[in-house]
Amino acid sequence: HIRPWGYLKAAAVVRRINWDDTIQDQFELGGHATGWGVNLSSNVKVKNDVVRLQFVFGEGIQNYMKDSPVDIGIKTNNDPVRPFTGEPLPIIGVVAFLDHKWSEKWGSTIGYSRQDIDNSDGQAGNAFKVGQYALGNVVYYPVSNVMVGGEFQWGQRENNSDGFKSDGYKLQFSFKYNF
């Protein structure tokens, strides 16, 4: 849906996920599941600024997301032939960024993103559960086709159940010339 103020988009995905049991033994560990997801995104223009928003939810769509490691988690099962099954992992992701133009030569971006996975009961304690990321920058355009700037970035990972949570910080300087 496109309007002068920006746009609103919706998208969906449905996929079949298969896995094979390649070992000939008394267990049957092969299987399949259905992954699905819905994504809503928007860019909203406010004077010279742009607000960028995105929301996604579904199950078994982690391969479409940056940083998420697996689509299927191990689920315990009370069956001696099939002691484990696979289940598509539920995920929710959000993104919110603001591109601000201070003047013709100065601009900034500030933003935040997060993804939360509902881990299955058979996943390891160190399985990825929550990822967060935020940044803020200031960029300068001294002449046409040239950009220079600095950016501060923060990221955080939280594991499934082993208590691990870690923050990462980065200061980045960039220079760009358009040929």
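Draft legend 1. Representation of the environment of Trp-154 in the model. Here Trp-154 shows up in strand 10 (residues 146–159). The buried category is assigned to Trp-154, whose relative accessible area is 19%. With 15 residues separating them along the chain, Trp-154 and Val-139 place their C-alpha atoms 18 Å apart. Beyond its immediate sequence surroundings of up to four residues, Trp-154 is in contact with Tyr-112, Gln-132, Tyr-133, Ala-134, Asp-167, Gly-168 and Tyr-169. Polar contacts involving the side chain of Trp-154 include one to the side chain of Asp-167, which spans 2.9 Å.

Draft legend 2. Spotlight on the side chain of Asn-39. In this structure, Asn-39 sits in strand 3 (residues 31–46). Looking at Asn-39, its side chain comes within polar contact range of the side chain of Gln-54, at 2.9 Å. When neighbours within four sequence positions are excluded, Asn-39 is seen to be in contact with Lys-9, Ala-10, Ala-11, Gln-54, Phe-55 and Val-56.

Draft legend 3. A look at unusual backbone geometry. The backbone of Lys-47 shows a phi angle near 55 degrees, a positive value even though the residue is not glycine. With respect to the helices and strands, Lys-47 occurs in the loop between strand 3 and strand 4 (49–59).

Draft legend 4. Summary view of the packing of aromatic side chains. Counting across every chain of the model gives five aromatic pairs. Here the aromatic rings of Phe-55 and Phe-57 are separated by 5.7 Å at their centres, their planes lie at 40 degrees, and the arrangement is tilted. Overall, the relative accessible area of 32% leaves Phe-55 in the partly exposed class. On the basis of an interplanar angle of 90 degrees and a centroid distance of 5.1 Å, the ring pair of Tyr-177 and Phe-179 is categorised as edge-to-face. A residue is classified by how much of its surface remains accessible, and Phe-179, at 93% relative accessible area, is exposed. The ring of Tyr-7 carries the charged tip of Lys-9 above its face, separated from the ring centre by 4.9 Å.

Draft legend 5. Structural view of the pairing of strand 4. Of the pairings in the sheet, the one linking strand 3 to strand 4 comprises eleven bridges and is antiparallel in character. Pairing of Asn-43 across the sheet is with Arg-52, part of strand 4. Turn length for the strand 3-strand 4 hairpin, with the two strands adjacent in sequence and antiparallel, is two residues, and the turn residue Lys-47 shows positive phi of about 55 degrees.

About the cut-offs
Residues numbered from 1 in each chain as written. Predicted model: local features only at pLDDT ≥ 70, side-chain atom pairs only at ≥ 80, totals over all residues. Heavy atoms only, no water. Helix = DSSP H or I, 4+ residues; strand = E, 2+ residues; numbered from the N terminus. Buried < 20%, exposed > 50% of the residue type's maximum accessible area, 1.4 Å probe, protein only. Contact = heavy atoms within 4.5 Å. Polar contact = N/O pair within 3.5 Å; in protein donor to acceptor, adjacent residues only side chain to side chain. Phe/Tyr/Trp six-rings, centres within 6.5 Å; stacked < 30°, edge-to-face > 60°. Lys NZ or Arg CZ within 6 Å of the ring centre and 35° of its normal. Pairing = 2+ DSSP bridges.

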